[in-house]
Amino acid sequence: MQNRNSTNPTNAPDHSGFIQRANSLAESVYEAIFAQLMALKISPGGRISVDNMVRELNVSQTPIREALGRLEGEGLVVKTHLIGYSAAPQITRRRFDELYELRLLLEPDGAAKAAAGMDEVKLASLQEAGGVMGRRDGTDERIRYSTFARQDAVFHDRIMEFAGNELIRETLNHQHTHFHIFRLMFHSRVTEEALDEHEALLAAFAAGDTTAAEKAMRVHLEHSRDRLLPAFE
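Below is a summary of the structure that appears in this document. (Residues numbered from 1 in each chain as written. Predicted model: local features only at pLDDT ≥ 70, side-chain atom pairs only at ≥ 80, totals over all residues. Heavy atoms only, no water.)

Focus: the environment of alanine 129
Piece 1. Inspection of the secondary structure puts alanine 129 in helix H5 (residues 120–129).
Piece 2. For alanine 129, a relative accessible area of 6% translates into the label buried.
Piece 3. C-alpha of alanine 129 to C-alpha of alanine 153: the two residues are 24 residues apart in sequence and 8.9 Å apart in space.
Piece 4. Each residue touching alanine 129, except ones within four places of it in the same chain, is listed here: Gln151, Val154, Phe155 and Arg158. (Helix = DSSP H or I, 4+ residues; strand = E, 2+ residues; numbered from the N terminus. Buried < 20%, exposed > 50% of the residue type's maximum accessible area, 1.4 Å probe, protein only. Contact = heavy atoms within 4.5 Å.)

Quick look at the sheet that holds strand S3 (residues 84–87)
Piece 1. Strand order in the open sheet made by the three strands is S1-S3-S2, with antiparallel pairing throughout. At either end of the open sheet lies a strand with only one pairing partner, and these are strand S1 (47–48) and strand S2 (77–80).
Piece 2. Taken together, the four bridges between S2 and S3 define a ladder with antiparallel strand orientation. Counted as the bridge partner of lysine 79 is tyrosine 85 from S3.
Piece 3. Along the sheet face, helix H3 (residues 61–73) touches S1, S2 and S3 and points at about 110° away from the line of S2. (Pairing = 2+ DSSP bridges. Axes fitted to C-alpha atoms, helices over the stretch in contact; angles between N-to-C directions.)

A look at the packing of aromatic side chains
Piece 1. On inspection of all chains with the given rule, the structure shows five aromatic pairs.
Piece 2. An aromatic cluster of at least three residues, connected via ring pairs, comprises Tyr30, Phe34 and Phe179.
Piece 3. Sitting over the ring of phenylalanine 232, arginine 93 keeps its end group 6.0 Å from the ring centre. (Phe/Tyr/Trp six-rings, centres within 6.5 Å; stacked < 30°, edge-to-face > 60°. Lys NZ or Arg CZ within 6 Å of the ring centre and 35° of its normal.)

A word on the layout of surface pockets
Piece 1. Considered as a void within the structure, the second largest pocket measures approximately 270 Å³ in volume.
Piece 2. Contributions of two or more residues to the lining of the second largest pocket are made by helix H4 (93–116), helix H6 (145–163), helix H7 (166–174) and helix H8 (177–182).
Piece 3. With five residues, H6 is the largest single contributor of residues to the lining of the second largest pocket.
Piece 4. Here the residues of the lining of the second largest pocket are counted per class, giving five nonpolar, five polar and four charged. (1 Å grid on protein atoms, 1.4 Å probe; cavity = no way out; pocket = protein on both sides within 12 Å on 5 of 7 lines; lining within 4 Å. Points joined across faces, edges and corners; volume = space filled by probe spheres on them. Nonpolar A, V, L, I, M, F, W, Y, C, P; charged D, E, K, R; others polar.)

Written out as structure tokens, the structure is:
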């Protein structure tokens, strides 16, 4: 599938160059490869050469293989015997429709239940995960796409955690929904509009309004689906 919206030169983060030695080298390598997958620098189905990653990131094979193993567990990387690693193939239109049908069945009700049991500690946790506070920092108007992909996953997972049904939460997590969906289109609009919708959800949670929370989640999911449909054209 050719992605018509796979480039965004203005807002695309620069993932070239050597890895900066942080507290955890393995974590830094993971973040670098994850970002390339989210930004479609590594295209769906594309081969991932460990040797090339060693040269590109200026690290040994060990943290590369650790990162690829972690990404394999998240459904983003596939390891094939005698061939090696590759980026997971892009989801099909049918799978896309099924994922959103599943989410629309489960997450609006989960948002309502989360709102019913909301308290200050839970609300603060959701505000942090929702990514809306970072957008107000004058230094950077947009959150990096790969960072937001993970933030969005954490935000939705936390809502389902607060909803109190662990089986539903595990079911949604097992689909690696957010990572596959965010790989469909690398574009700032996906993050900016989603942040507006996160703010509406947070307002409903702050008010403890179950009806508003259910509606805000349904609107958020429907808009998310509609934003990404052009990737299949």
